[in-house]
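The primary structure of each chain is shown beneath.
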Amino acid sequence: MKRIFSGVQPTGNLHLGNYLGAIRNFARLQDDYECIYCVVDMHAITVWQDPAALKANTREVTATFLAAGVDPAKHIIFNQSQVPAHAELAWIFNCVARLGWLNRMTQFKEKAGKHRENASAGLYVYPVLMAADILLYKATHVPVGEDQKQHLELTRDVAQKFNNDFGREVFPIVEPLIFGEATRVMSLRDGSKKMSKSDPSDYSRITMTDGPDEIAQKIRKAKTDPLPLPETVEGFDGRPEAANLITIYAALADITPEAVLGEYGGQQFSDFKKALTDMAVEKLGPVGQEMQRLMADPAHVDGILKDGAERAEALARPILAEIYDVVGFLNVR
Ligand code: AQP
């Protein structure tokens, strides 16, 4: 069976973009793939994390995977730090990846911003650790949002270079799985910016733990333009906020944006926002409630992570042993 690997950082404020772009797809793929879903806590510390919050957020992301419907008995859910082979392989890949490749990564440029000299070395090699996460399991497919496309290209480059350098087909060339209507959900405050956990404005995103009142308030305050809703998707041109809200509705309702416009095209935003609020509360409410229920039982969540880490470790160890051998590390133990 084809194997999937994907991860989510436990950096708090898990939002609608993370859910529609990635986590909901995780559950939808589980009948056709062997899935490994990881809470990437080692990626999270590439920027400062409060230690207590990191632990709580690790449980929250795990709860979201479960609440979204991932079956931990059939598939693996674990947190990255518990399988040290990720860090071990990342070191080897640090010696395969080229500085020129990393210098092109737009996420580093965005996150480091003007303070590049002050960014952690970990943030710079973030995509190398991501390549290690995926290739440690020889995963063939990676479901992600559109923003991760460039990092996946780098994973493919690392795999290709490693295979070429050592003259062996050790790693598969992974395929991104970017699907659904909402592969890039935009900020509710600015349709040109990605919805993101680190946006200082809470009104820029709907988080997975928002209740009906918060969802309603955020949608009510969402930026729009003065025109009525467009009649067709061609009308999205130059209207990023309209495009975003309609796309979110389409993704939540599992219909196309054309179908949404068939019903709401030409209407006022105020009416559409009410419909969007109802749809969001209907679809996200049960997930949020299940998350709260799971987070109230940390021992249960930790047990799932422990079991997942043991199973992930069992898959990873023989693959890492093969890689060590190919690289030429002398095995004396
Ligand atoms: N706005 C988005 N729309 C669709 N998908 C998204 N993803 C993130 N934002 C959107 C997808 O969610 C998965 C997990 O993301 P992550 O936690 O590993 O990191 P991220 O992309 O850095 O998330 P954020 O929310 O944007 O956080 P910050 O603010 O820290 O940059 C990935 O599959 C991602 O594509």
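Residues numbered from 1 in each chain as written. Predicted model: local features only at pLDDT ≥ 70, side-chain atom pairs only at ≥ 80, totals over all residues. Heavy atoms only, no water.

1. Things to note about the overall build of the protein chain
A count of helical and extended segments in the protein chain gives 14 helices and 5 strands. The C-alpha radius of gyration computed for the protein chain amounts to 21 Å, which stays within 12% of the reference 20 Å derived for 333 residues, consistent with globular compactness. Principal-axis analysis of the C-alpha atoms gives the protein chain an extent of 70 × 45 × 40 Å. By the burial criterion, 52% of the 333 residues in the protein chain qualify as buried. (Helix = DSSP H or I, 4+ residues; strand = E, 2+ residues; numbered from the N terminus. Rg over C-alpha atoms; globule rule 2.2 N^0.38 Å. Buried < 20%, exposed > 50% of the residue type's maximum accessible area, 1.4 Å probe, protein only.)

2. As for the nonpolar core
Proteins that are soluble and globular tend to have nonpolar side chains buried together. F65, Y249, L252, F272 and L284 are the most contacted members of the largest nonpolar core, which has 61 residues in total. Both domains that furnish three or more residues to this core are identified here as domain 1 (3-182 + 298-327) and domain 2 (202-293). Setting aside its immediate chain neighbours within four residues, L284 contacts L16, Y19, I206, M208, I215 and L252. With 49 residues, the next largest nonpolar core counts I92, A112, A132 and I319 among its residues. (Core = buried A, V, L, I, M, F, W, Y, C linked by side-chain atoms within 4.5 Å. Domains from an automatic or database assignment. Contact = heavy atoms within 4.5 Å.)

3. Considering the packing of helix 11 (residues 240-253) against helix 13 (residues 269-295)
The N-to-C vectors of helix 11 and helix 13 enclose an angle of 35°; their axes lie 10 Å apart at closest approach. Viewed along their axes, helix 11 and helix 13 form a crossing whose handedness is left-handed. Across the interface between the two elements, A242, L245, I246, I248, Y249, L252 and A253 from helix 11 touch F269, F272, K273, A275, L276, M279, A280, K283 and L284 from helix 13. Residue composition of the contact of helix 11 with helix 13, grouped by class: 14 nonpolar, no polar and 2 charged. (Axes fitted to C-alpha atoms, helices over the stretch in contact; angles between N-to-C directions. Left-handed = near helix turned anticlockwise from the far one by under 90°. Nonpolar A, V, L, I, M, F, W, Y, C, P; charged D, E, K, R; others polar.)

4. Some details on the site of the ligand
Not every one of the 21 residues close to the ligand is listed here, only the nearest: H15, D147, K194, K197 and S198. Residue Q9 places a main-chain N or O atom 3.2 Å away from an oxygen atom belonging to the ligand. Between the ligand and G17 there is a distance of 3.1 Å, counted from a nitrogen atom to a backbone nitrogen or oxygen. About the coverage of the ligand: the protein hides 96% of its 640 Å² of free accessible area. If you tally residues by element for the shell around the ligand, the top one is helix 1 (residues 16-28), at 4 residues. Its residues assigned to classes, the shell around the ligand shows 6 nonpolar, 10 polar and 5 charged. (Near = heavy atom within 4 Å. Polar contact = N/O pair within 3.5 Å; in protein donor to acceptor, adjacent residues only side chain to side chain. Areas by Shrake-Rupley, 256 points an atom, 1.4 Å probe, with all protein chains shown as cover.)

5. So, a negative patch on the surface
Among the surface-exposed residues, E181, E234, D237 and E258 lie close enough to one another that they form a single negatively charged patch. By secondary structure assignment, the location of D237 is in the loop between helix 10 (212-221) and helix 11. (Patch = residues over 30% accessible without salt bridge, like charges linked within 9 Å, V, L, I, M, F, W, Y side chains within 5 Å. Salt bridge = Lys/Arg side-chain N within 4 Å of Asp/Glu carboxyl O. Lys, Arg positive; Asp, Glu negative; His and termini not counted. Charge placed at Lys NZ, Arg CZ, Asp CG, Glu CD.)

6. Some points on the pattern of salt bridges
In the structure shown here, the tally under the stated rule is 18 salt bridges. A salt bridge links D254 to R24; the nearest nitrogen and oxygen atoms lie 4.0 Å apart. Taken together, the positions of D254 in the loop between helix 11 and helix 12 (257-264) and R24 in helix 1 put the pair 230 residues apart, joining distant regions of the chain. Among the ionic contacts, a cluster of salt bridges with common partners joins R24, R28 and D254.

7. Some remarks on the domain arrangement of the protein chain
Here the protein chain is partitioned into domain 1 (3-182 + 298-327) and domain 2 (202-293). Using only C-alpha atoms to locate each centre, domain 1 and domain 2 end up separated by 29 Å. In this complex, domain 1 contributes 15 residues to the contact, which on the side of domain 2 involves 18 residues. Between domain 1 and domain 2, a total of about 1,400 Å² is buried, with carbon and sulfur atoms accounting for 69% of that surface. In terms of surface lost to domain 2, no three residues of domain 1 exceed L16, A67 and E181, which account for 40% of the buried area on that side. Where domain 1 meets domain 2, there are 2 salt bridges. The salt bridge involving R28 is made with D254; its shortest N-O contact spans 2.7 Å. (Buried area = accessible area lost by both parts, 1.4 Å probe.)

8. Some words on helix 1
At A22, helix 1 shows its strongest bend, of approximately 30°. The complete set of buried residues in helix 1 reads L16, G17, N18, Y19, L20, G21, A22, I23, R24, N25, F26 and A27. Looking at the packing, one finds that the buried side of helix 1 touches strand 1 (3-8), strand 2 (34-39), helix 3 (51-67), strand 4 (141-143), helix 11 and helix 13. (Bend = angle between axes of the 7 residues up to and from the residue.)

9. Focus: the state of the cysteines
Cysteine pairs can be covalently joined through their sulfur atoms, and such a bond is termed a disulfide. Taken as a whole, this structure holds 0 disulfides when the rule is applied. In this structure C35 is a free cysteine whose sulfur lies 13 Å from that of C38, the closest cysteine sulfur available. You can call C35 buried: its relative accessible area is 2%. (Disulfide = S-S within 2.5 Å.)

10. Looking at the pairing of strand 3 (residues 76-79)
For a regular strand, side chains alternate in direction, first toward one face of the sheet and then toward the other. Residues I76 and F78 point to one face of strand 3 and I77 and N79 to the other, with burial holding for every one of them. Both strand 2 and strand 3 contribute to a ladder of 4 bridges, which runs parallel. Each residue of the ladder has a partner; that of V39, found in strand 3, is N79. (Pairing = 2+ DSSP bridges.)

11. Some words on unusual backbone geometry
The phi torsion at K138 lies on the positive side, around 50°, for a residue other than glycine. You can see K138 is positioned in the loop between helix 8 (126-135) and strand 4. Of note in the backbone geometry, D254 takes a positive phi value of approximately 60° without being a glycine.

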